[in-house]
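A closer look at the structure
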Amino acid sequence: MHIRSFQLSDASQVMELLQVALSEDCCEDTKRAFARQLSWDSDLIVIAEVDEEIVGVLIGTIDNNVGCIYRTVVHPDYRRQGVATRLVNGMEQRFKQRKVCKIVIAGDEHNKAIAPWYEALGYGASKFLEAFQKLSIAAVQSLSRS
């Protein structure tokens, strides 16, 4: 397994992975955040690859010098094989290189099911960012007409 930064040529495989691995609501939220983060800093999107196939993706961001793991996605056929842990480790390295003051997990409803896994990695309840809606990549923008 190879952990690396996202490349533009990965876009279609990542979109397919999101559709296979996530619920419809979570997929739509994640696609928006992915696009926003991609336009800001693609180095904070980490890919797990096996035999040139993308099997996992982690979307991270930095907001006010705080590193945030927004979404960790692993193809169902590759779960429980250490893919997500390797993705988190890769993102933690990127955050350390950028000298973020702390690392948190986006505490949205889609991450609640895997909260025990994050806790096993050392991200206790105090490391969950409950006010995730303030996270720039997750902010929903509304258009109003005058």
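Look up a bit, the structure's there.
What this report covers is the structure whose coordinates are included nearby. Note that residues are indexed from 1 along each chain, following the sequence as it is written. Since the coordinates come from a predicted model, pLDDT governs what is reported: local features require at least 70, and pairs of side-chain atoms require 80 or more to be given and counted, while whole-chain, interface and lining totals use all residues. As a rule here, side-chain values cover all heavy atoms of the structure and leave hydrogens and water aside.

Details of helix 2 (residues 24-40)
For helices the rule is a DSSP run of H or I covering at least 4 residues; for strands it is a run of E covering at least 2, with both sets numbered from the N terminus onward. Helices are assigned an expected span. That span is 1.5 Å times one less than the residue count. A rise of 1.5 Å per residue sets the reference length of helix 2, with its 17 residues, at 24 Å; its end C-alpha atoms lie 25 Å apart and thus fit the reference within 8%. Along helix 2, the positions that sit buried rather than exposed are Cys26, Cys27, Thr30, Ala33, Phe34, Arg36 and Gln37. Between buried and exposed lies partly exposed: a residue is buried under 20% and exposed over 50% of the maximum accessible area for its type, with that area taken using a 1.4 Å probe on protein chains only.

Thoughts on the packing of aromatic side chains
Stacked, tilted and edge-to-face pairs are distinguished by plane angle, under 30 degrees for stacked and over 60 for edge-to-face with tilted covering the rest, among Phe, Tyr and Trp rings (Trp via its six-membered ring) whose centres lie within 6.5 Å. Evaluated as defined, the whole model comprises two aromatic pairs. Centre to centre, the rings of phenylalanine 6 and phenylalanine 34 are 5.4 Å apart; their planes meet at 80°, and the pair counts as edge-to-face. Residue phenylalanine 6 is found in the loop between strand 1 (2-5) and helix 1 (11-21), and its partner phenylalanine 34 is found in helix 2; the two are separated by 28 residues along the sequence. Our definition puts a charge over a ring when NZ of Lys or CZ of Arg is within 6 Å of the ring centre and also within 35 degrees of the ring normal. Directly above the aromatic system of tyrosine 70 lies the positively charged group of arginine 71, at a separation of 4.5 Å from the ring centroid.

Observations concerning the nonpolar core
Residues Val14, Leu18, Val57 and Val73 are the most contacted members of the largest nonpolar core, which totals 21 residues. When residues of this core are traced back to their parent elements, those giving at least two are helix 1, helix 2, strand 2 (45-50), strand 3 (53-63), strand 4 (66-74) and strand 5 (102-106). The contact criterion used is simple: two residues touch if any of their non-hydrogen atoms lie within 4.5 Å. Those residues within four positions of leucine 18 in sequence are excluded, and the remaining contacts are Cys27, Thr30, Lys31, Val57 and Val73. To qualify as a nonpolar core, a set must consist of buried Ala, Val, Leu, Ile, Met, Phe, Trp, Tyr and Cys residues joined through side-chain atoms within 4.5 Å. Grouped together as the second largest cluster of nonpolar side chains are 19 residues, Val55, Ile69, Ala84 and Ile105 included.

Thoughts on the pairing of strand 4
Burial analysis of strand 4 places nine of its nine residues in the buried class, the great majority of the element. Pairing between two strands requires that DSSP report at least two bridges joining them. Pairing of strand 3 with strand 4, which is carried by eight bridges, proceeds in the antiparallel orientation. Bridge pairing in strand 4 places glycine 56 opposite valine 74. Hairpin connection, strand 3 to strand 4: the antiparallel pair is bridged by two residues, and asparagine 64 has positive phi, about 55°. Note: strand 4 against strand 5, four bridges, orientation parallel. Each residue of the ladder has a partner; that of cysteine 68, found in strand 5, is valine 104. Running through helix 3 (residues 83-97), the crossover from strand 4 to the neighbouring parallel element strand 5 is right-handed. A clockwise course of the path from the first strand over the helix to the second, judged with the strands pointing away from the viewer, identifies a crossover as right-handed.

Interpretation in functional terms is not warranted from these geometric data alone.
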